[in-house]
Amino acid sequence: MGEYSIQELTSIFAMQGFAGISLFSVLLLMALGLAIIFGQMGVINMAHGEFMAMGAYTTYLLSVMTQSYFPDLMGYYFFIAIIASFFVAGLFGYLTEFVLIRHLYKRPLDTLLATWGLSLIMQQSFRSIFGAREVSPTLPDWLMGSWMPTDSIFIPINGMFVLGLTTIVTIGVFLLMYRSTWGLNVRATTQNRVMSGAVGINTKQVDRLTFALGCGIAGVAGAAFTTIASTGPTSGSLYIVDTFMVVVFGGAASLFGTIASAFTIAQAQSILEFFISGSMAKVFTLLALVIILMMRPEGLFSIKVRK
Amino acid sequence: MSYFSRRKFLGKTGALFSAMVAAGLITSSAMAADYPTAEVNTTGLAVTDDTVKVGILHSLTGTMAISETGAQEAEKLAIKQINESGGILGRQIEIIQEDGASDWPTFAEKSRKLLVNDDVAAVFGCWTSASRKAALPVFEKENGLLYYPTFYEGLEQSKNVIYTGQEATQQILAGLDWVAEEKDAKTFYLIGSDYIWPRTSMKIARTHIEKVLGGKVVGEEYKPLGDTQFGSVINKIRLKKPDVIFAAVVGGSNVAWFKQLNAAGITSDKQTLLTLSVTEDEVLGIGGENLEGFYSVMKYFQSLDNPNNAEFVAAFKEMHGDDSVIGDVTQAAYLGPWLWKAAVEKAGSFDVDKVVAVSEAGDIELDTAPEGYVKLHPNHHLWSKTRIGKWNKDGQATVVYESDLIEPNPFPEGYQ
């Protein structure tokens, strides 16, 4: 790399570092909701990507509505859109649990089939409502462009925004799951449902709210994703592989595992991609994952549970 | 009017009828009665005295539905217009639509269904090279006729396919020549999605850059389909400082690619970018503000300023709404039914062999194409102009360059 000046190389390393962190925050945000549903409840939710798409479409709708009715508010609507995405996806998750999932808790493989079916139904609904074409909300101006600490370093603002959002959501999930009574109830229920019921925890209510929370976070991820890419009916199925990869690699039930796993995968991918081509970087990352999972089938961090 | 009564009627009043036609009392250009079914259809196609059946085969579901929607809308518009102007050989066209579902084996299966069960006279359809390659053996075995609308990598010519989009050399060579001359470009960075079309296109581009233009390829990169993270690639591009980024990223990835380029400060005032794969359809998702000042090389843009196109755009919007946009492939799909009509009328028959023979004679031409004048080459591809469009903020392009009619050359020597 002798042809480049020291200053150039420093800038590139700074930006490359941020590219890795940016990918990390995207992966983590996508995986958090699934980590709760899969990790805590043992439900294999194949429709998780569609809940993300639902959040993205909610953001799109709000963008269109704001533009036609309150054009002055274009600068702020995105915050409302994130909250709305959480509640829309969460509410739909709540209903899904009531109608579909609660009948299948003792049959985890059947949840896979049922939610796969659900994901197809949701995709077709998106197609019927929004059309087959990809859509993209109009983003507020402050989300565009980049921050330049020096002349040659460009840090994309949408990347920083997703990073900030991921940090807030992660801290929120941590407080909720590990520092609140409700979180204690969730963990107790998943570890020993019968005993939890016996000591007075409303386990059905806990299940329903946990599932809704996981879906709501997926909705937030979807809203954040609109700053990076567009949304189509099948966008969800593009995300789901990466999402499961992060959760499985991290060790399903551990929040810390999910974070560590997203970080490892993102950095490996981003660094490899700088030196070899994009497709090969993905191949090597996946190969490394397979090898590590062969040695540690439970993932990087697994919680010891009496079975 | 039933078949027999018309025959009887004609038998008795044939002379009078001919006289009426001659006198211009009957104004339609062709009447079915002038072309008895037994003569225009010797191979058992679904042709009656009043109708002829054709197939439309695109993905209505699955990942490709996003792209193929516009194509099938344009084919339906063309068929509707042909029907309103009197049909083909006096027969109204009936459409049988099938869904390829973005799944290549399904394309083959539906092709067989259309050709064997429905006996359609022609099929308008397919989009990806993979779907065409899957359907091709069926069309060759059953001797069907496919009008294929997408710009593609070339290296193919089949008796049973008419290619209405550009093949690789028509699009790529003219684009690279323009950018080398106009922007004095010497170094190129090639980036594409990872499948056959971008890889073949980039191979042709690299050969042309190195052997003909005397330039240098400073980087070549492929990202998995649907990938949305371009940070590392953008940093690599920043290090290499190419004169031109030459891109063939497809589908939803495009949105991420251009949004991230913009956010990383790689905008058109500092960087020339020429893409093979952005049409008005993609711009809807990408957003004009992320593309402003970048270039696409295509044969058609919605903003083309000519009477044919004004009429086409107005008719398309009337049928599909004011918000609809028309991209390169949509226009190429629109040409399919019209080219078929021209060939059938010249052949005086719906039989595939006769229609193909006429098509291969090299004198099927359309003055009415929205892209301007086009002509069918004996090698089953179209002579067409190549244009460079510069994108504006409103999602439309300004045409900044237009080539002469370029001869199609699906098997370019020295480029493979």
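Residues numbered from 1 in each chain as written. Chains lettered and ligands numbered in written order. Predicted model: local features only at pLDDT ≥ 70, side-chain atom pairs only at ≥ 80, totals over all residues. Heavy atoms only, no water.

Looking up chain B in an unreviewed UniProt entry gives the name Urea ABC transporter, substrate binding protein UrtA, with the organism given as Methylophaga frappieri.

The name an unreviewed UniProt entry assigns to chain A is Urea ABC transporter, permease protein UrtB, from the organism Methylophaga frappieri. Checking UniProt for chain A, the heading Subcellular location (unreviewed entry) contains the comment "Cell inner membrane". The UniProt entry for chain A carries the following comment under Sequence similarities (unreviewed entry): "Belongs to the binding-protein-dependent transport system permease family. LivHM subfamily." (UniProt positions renumbered as here; feature names shortened; annotations may be inferred.)

Let us look at the overall build of chain B. Helices and strands together make up the secondary structure of chain B, namely 14 helices and 15 strands. Against the compact-globule benchmark of 22 Å for 416 residues, chain B has a radius of gyration of 23 Å, which places it among compact chains. Seen through its principal axes, chain B has C-alpha atoms that stretch 85 × 40 × 35 Å. In chain B, buried positions account for 61% of the 416 residues. Within chain B, contacts between residues separated by at least 24 positions form 68% of all contacts whose residues are at least 6 apart in sequence. When the accessible area of chain B is evaluated, it comes to approximately 15400 Å², of which 52% is carbon and sulfur surface. Side-chain charges of chain B comprise 39 positive and 55 negative groups, with the mean position of each set lying 3 Å from the other. (Helix = DSSP H or I, 4+ residues; strand = E, 2+ residues; numbered from the N terminus. Rg over C-alpha atoms; globule rule 2.2 N^0.38 Å. Buried < 20%, exposed > 50% of the residue type's maximum accessible area, 1.4 Å probe, protein only. Contact = heavy atoms within 4.5 Å. Areas by Shrake-Rupley, 256 points an atom, 1.4 Å probe, with all protein chains shown as cover. Lys, Arg positive; Asp, Glu negative; His and termini not counted. Charge placed at Lys NZ, Arg CZ, Asp CG, Glu CD.)

Further remarks concern the overall build of chain A. Scanning chain A from terminus to terminus reveals 11 helices and two strands. Reading chain A from its N terminus to its C terminus gives the helix and strand order α-α-α-α-β-β-α-α-α-α-α-α-α. Each principal axis of the C-alpha distribution contributes one length, and for chain A these read about 70 × 55 × 35 Å. The buried share of chain A, reckoned over its 307 residues, is 52%.

All names here are of chain B. For Leu-89, which is not glycine, the phi dihedral falls at a positive 50°. Relative to the elements of secondary structure, Leu-89 occurs in the loop between helix H3 (65-84) and strand E2 (92-99). Residue classification places Leu-89 among the buried positions, given a relative accessible area of 1%. Phi angles above zero are rare outside glycine, and Ser-102 is one such case at about 60°. Structurally, Ser-102 is set in the loop between E2 and helix H4 (104-117).

So, on to the pattern of salt bridges. All names here are of chain B. Applying the stated criterion across every chain yields a total of 25 salt bridges over all chains. Between Lys-133 and Glu-156 there is a salt bridge; the shortest N-O distance is 2.8 Å. In this pair, Lys-133 sits in helix H5 (residues 129-142) while Glu-156 sits in the loop between strand E4 (146-148) and strand E5 (161-163), placing the two residues 23 residues apart along the sequence. Judged by its relative accessible area of 5%, Glu-156 falls in the buried class. Residues Asp-227 and Lys-223 are paired through a salt bridge, measuring 3.0 Å at the closest nitrogen-oxygen approach. The class of Asp-227 is buried, set by a relative accessible area of 11%. Three or more residues joined by partner-sharing salt bridges are found here, namely Glu-98, Lys-110, Lys-113 and Asp-118. (Salt bridge = Lys/Arg side-chain N within 4 Å of Asp/Glu carboxyl O.)

Below, the discussion takes up a nonpolar patch on the surface. Together, Leu-61, Met-65, Tyr-69, Phe-70, Leu-73 and Tyr-76 of chain A make up an exposed nonpolar region whose accessible area comes to about 690 Å². Inspection of the secondary structure assignment puts Phe-70 of chain A in the loop between helix H2 (48-69) and helix H3 (77-99). (Patch = residues over 30% accessible without salt bridge, like charges linked within 9 Å, V, L, I, M, F, W, Y side chains within 5 Å.)

Here we take up the sheet that holds strand E9 (residues 272-275) of chain B. Residues and elements named next belong to chain B. The strand order across the open sheet formed by seven strands is E7-E6-E8-E9-E10-E14-E15, and the pairing between neighbours is mixed. Here the strands that pair on one side only, and so sit at the sheet edges, are strand E7 (216-223) and strand E15 (397-402). Within the sheet, the average angular offset between the axes of one strand and its neighbour, ignoring direction, is 25°. Sheet analysis places E9 next to strand E10 (residues 295-298), joined by two bridges and oriented parallel. Across the sheet, the residue bridging to Thr-275 is Ser-296, located in E10. (Pairing = 2+ DSSP bridges. Axes fitted to C-alpha atoms, helices over the stretch in contact; angles between N-to-C directions.)

The next point concerns the nonpolar core. If you look at the biggest cluster of nonpolar residues, it comprises 174 residues, and the most contacted ones within it are Phe-51 of chain A together with Ile-172, Phe-246, Trp-257, Phe-258, Trp-340 and Phe-350 of chain B. Tallying contributions element by element places helix H1 (residues 6-41) of chain A first for this core, with 14 residues. Lining this core are residues from two domains, each supplying at least three of them: domain 1 (41-166 + 305-384) and domain 2 (171-301 + 389-406) of chain B. Beyond its immediate sequence surroundings of up to four residues, Phe-258 of chain B is in contact with Leu-273, Thr-275, Val-278, Ile-286, Asn-290, Leu-291 and Phe-294 of chain B. Residues Ala-135, Val-138, Phe-139 and Tyr-152 of chain B belong to the second largest nonpolar core, which totals 18 residues. (Core = buried A, V, L, I, M, F, W, Y, C linked by side-chain atoms within 4.5 Å. Domains from an automatic or database assignment.)

Time to look at the domain arrangement of chain B. All names here are of chain B. Each domain of chain B was delimited in the assignment, giving domain 1 (41-166 + 305-384) and domain 2 (171-301 + 389-406). Taking only C-alpha atoms, the centre of domain 1 and the centre of domain 2 are 29 Å apart. Regarding the contact of domain 1 and domain 2, the summed buried area is about 1900 Å², with carbon and sulfur atoms giving 62% of it. Between domain 1 and domain 2 we count one salt bridge in total. Close ionic contact of Glu-371 with Lys-299 constitutes a salt bridge, the shortest N to O distance being 2.8 Å. At the junction of domain 1 with domain 2, the criterion picks out six residue pairs in polar contact (both at pLDDT 80 or more). Going through the elements one at a time, helix H12 (307-320), helix H13 (328-347) and strand E13 (382-383) are the ones with two or more residues in the side of domain 1 that touches domain 2. (Buried area = accessible area lost by both parts, 1.4 Å probe. Polar contact = N/O pair within 3.5 Å; in protein donor to acceptor, adjacent residues only side chain to side chain.)

Residue and element names in this part refer to chain B. Of all residues in chain B, 93% have pLDDT values of 70 or greater, and the mean over the chain is 90. No element of chain B has a lower mean pLDDT than helix H1 (residues 3-22), which averages 45, and none a higher one than E4, which averages 98. Scored below 50 in pLDDT, residues 1-28 makes 15 contacts in the model with residues more than four places away or belonging to other chains. Taken together, the chains of this predicted complex give a pTM of 0.85 and an interface ipTM of 0.84. (pLDDT = per-residue confidence, 0-100.)

Here the focus is empty space enclosed by the protein. Evaluation of the coordinates by the stated rule reveals three cavities of 30 Å³ or more. Taken as a whole, the largest cavity spans an internal volume of roughly 240 Å³. Ala-19, Ser-22 and Pro-156 of chain A together with Gly-231 and Gln-260 of chain B are, among the 18 residues lining the largest cavity, the residues nearest its centre. Within the residue set of the lining of the largest cavity, elements represented by two or more residues are H1 and helix H5 (157-178) of chain A together with helix H8 (231-240) and helix H9 (253-263) of chain B. (1 Å grid on protein atoms, 1.4 Å probe; cavity = no way out; pocket = protein on both sides within 12 Å on 5 of 7 lines; lining within 4 Å. Points joined across faces, edges and corners; volume = space filled by probe spheres on them.)

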